[in-house]
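Listed below, chain by chain, are the residues.
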Amino acid sequence: VIVARTRDELERAKRDLRGLGRLALVPTMGALHPGHDSLITLAREEAGAVAASIFVNPLQFGPTEDFTRYPRDESGDLTRLEALGAHLAFLPSTEEVYPGGAPRVTVHPGAMGERLCGAFRPGHFAGVLTVVAKLFGMFRPELSVFGQKDHQQAVLIRRMVEDLELGPITVRVAPTVREQDGLAMSSRNAYLSAEERRQAVGLHQSLQAARQGYVRGERAGARLLGLARVRLGEFPLLQLQYLELVHPETLQSVERAESGSVLAIAALCGRTRLIDNVVLP
Ligand code: PAF
């Protein structure tokens, strides 16, 4: 894997990879885990050259959030990318991405960015969309891959590409990868104490309780969310932020569940904020 840390190195690496065909970009914040592996693997299947960016983007963290303690593992990440057959790793410094400090012009996600996670993390999606737009500008990829675990993020990135005509970039979303007990893989799982880790599975279990209700034929959103809430009650360390049944594209709350509707949840597990979602079959 070619390692680039500056824009010049990135340009040179992109030139070296030109012969490989379509370029895919997998933007990440590092601390790579099997969830990221699946994004790289999907990119490998669909593009000739695969680049991953590793950048903990300060713009998307609130002042009281975990920017400084976010897990960082550069050498582990590079070993992983090498093993997965990625061609290029971009590891820029904050100054490289934001020369002269935070950008004056940023991408505003609109009302869709103020719901769900956006209601609890003001400014978060503006930070995400701004850095993703910059990365798209630097890489000019034809394909970019994101994880379904961050459903709202993936939907907003798709909308940004479409609404701001950033294409041709195909945005692909890879299924959530889970631990054996069902906990969605996340770099933030590393923060959990042993007891928190045991209870963290409550997010998945409450979504599963609602999903099972749906599979049995229940369509009323309130009843499905009720099933999820009852299950969540079995996990006292989980402090619910939101639990909603939403339309997969508009993210508007819906009263009746149908195939493709998304059940989304966020909760604090101790001090760690966890999210998960399930797409109804
Ligand atoms: O999902 C993430 O890891 C980040 O939000 C992203 C897309 C890399 C932007 O910083």
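Our structure is the block above this text.
On a predicted model such as this, the values are computed, not experimentally measured, just so you know. Throughout, a residue's number is its position along its own chain's written sequence, starting from 1. Local features in this predicted model are restricted to residues of pLDDT 70 or higher, and side-chain atom pairs are both shown and tallied only at a pLDDT of 80 or more, whereas totals for entire chains, interfaces and linings draw on every residue. Hydrogens are left out, water is left out, and the side-chain values use all remaining heavy atoms of the structure.

Asks: It is not clear to me how the sheet that holds strand β2 (residues 23–28) should be interpreted in this structure. Could you clarify?
Replies: Two orientations exist for strands paired in a sheet by backbone hydrogen bonds: parallel and antiparallel. Two strands are said to pair when DSSP picks up at least two bridges between them. Here a helix means four or more residues in a row that DSSP labels H or I, a strand means two or more in a row labelled E, and each is numbered from the N terminus. Judged by pairing direction, the sheet is parallel, and its 6 strands sit side by side in the order β1-β4-β3-β2-β5-β6 without closing on themselves. Because the sheet does not close on itself, it has two edges, and the strands there are β1 (2–4) and β6 (170–174). Here the average twist between neighbouring strands, direction ignored, is 25°. Pairing geometry for strand β5 (residues 143–147) and β6, over 5 bridges, is parallel. Looking at the pairing, glycine 147 lines up with alanine 174 of β6. Pairs of residues are marked as contacts when any of their non-hydrogen atoms sit within 4.5 Å. Think of each axis as a best-fit line through the C-alpha atoms, taken over the contacting stretch in the case of a helix, with angles from 0 to 180 degrees between the N-to-C directions. With respect to the sheet, helix α3 (residues 74–84) is in contact with β1, β3 (49–54) and β4 (88–90), its orientation differing from that of β3 by roughly 170°. In the packing of helix α6 (residues 124–139) onto the sheet, contacts are made with β2, β3, β4 and β5, and the angle to β2 comes to roughly 150°.

Asks: Just checking my understanding: could you explain α3 for this structure?
Replies: Spacing of three or four residues puts side chains on the same side of an α-helix, whose turn is 3.6 residues. Between buried and exposed lies partly exposed: a residue is buried under 20% and exposed over 50% of the maximum accessible area for its type, with that area taken using a 1.4 Å probe on protein chains only. Listing the buried residues of α3 in full gives Asp77, Leu78 and Leu81. Buried residues along α3 cover an arc of 95° about the axis, so they all sit on one side. More than 90 degrees from the buried face of α3, the exposed residues found are Ser75, Thr79 and Ala83. Contacts from the buried residues of α3 go to β1, α2 (34–46), β3 and β4. Where α3 terminates, the next one or two residues include glycine 85, which has phi positive at roughly 85°. Picture the helix axis, draw a direction to every C-beta atom, and the arc is the one those directions span.

Asks: What should I look at first to understand the packing of α2 against α3 in this one?
Replies: Each pair of packed helices can be summarised by the angle the axes make with each other and by the distance between the axes. Viewed as axis vectors pointing N to C, α2 and α3 meet at an angle of 35°, and their least axial separation amounts to 10 Å. Handedness of the α2/α3 crossing: right-handed. Facing Pro34, Asp37, Ile40, Thr41 and Arg44 of α2, the residues of α3 in contact are Arg80, Leu81 and Leu84. Looking at the contact of α2 with α3 residue by residue, the classes come out as 4 nonpolar, 1 polar and 3 charged. A crossing counts as left-handed when the near helix is turned anticlockwise from the far one by less than a right angle, and as right-handed when that turn is clockwise. Here the nonpolar group is Ala, Val, Leu, Ile, Met, Phe, Trp, Tyr, Cys and Pro; Asp, Glu, Lys and Arg are the charged ones; every other residue, Gly included, is treated as polar.

Asks: When you look at the packing of aromatic side chains in this model, what are you seeing that I'm missing?
Replies: We describe a pair of aromatic rings using the distance from one ring centre to the other and the angle between the two ring planes. A pair of aromatic rings is counted whenever rings of Phe, Tyr or Trp (Trp by its six-membered ring) have centres within 6.5 Å, and the orientation is called stacked for planes under 30 degrees apart, edge-to-face for over 60 and tilted otherwise. The tally for this structure, following the rule as stated, stands at 5 aromatic pairs. On the basis of an interplanar angle of 35° and a centroid distance of 6.1 Å, the ring pair of phenylalanine 120 and tyrosine 242 is categorised as tilted. Here tyrosine 242 lies in strand β7 (residues 238–246) and phenylalanine 120 lies in helix α5 (residues 117–120), a separation of 122 residues in the sequence. The buried category is assigned to tyrosine 242, whose relative accessible area is 9%. Each residue in the set Phe61, Phe67 and Tyr70 is aromatic and connected to the rest through ring pairs, giving one cluster.

Asks: Looking at this model, I keep getting lost on the side chain of arginine 273. Mind explaining?
Replies: The residue arginine 273 is located in strand β9 (residues 272–279) in this model. When charges are counted, neither His nor the chain ends are considered; positive counts come from Lys and Arg and negative counts from Asp and Glu. We define a salt bridge as a contact between a side-chain nitrogen of Lys or Arg and a carboxyl oxygen of Asp or Glu at a distance within 4 Å. Buried within the structure, arginine 273 lacks any salt-bridge partner; glutamate 65 is the closest side chain of opposite charge, at an N-O distance of 6.3 Å. Polar contacts, as counted here, are pairs of nitrogen or oxygen atoms within 3.5 Å of one another; within protein the pair requires one atom able to donate a hydrogen and one able to accept it, and residues that are adjacent in sequence qualify only if both atoms are side-chain atoms. Here glutamine 241 takes part through its side chain, which lies 2.6 Å from a polar atom of the side chain of arginine 273. Residue contacts for arginine 273: discarding those within four places in its chain leaves Cys117, Phe120, Arg121, Arg188, Gln241, Tyr242, Ala266, Ala267 and Leu268.

These figures come from the coordinates and say nothing about function on their own.
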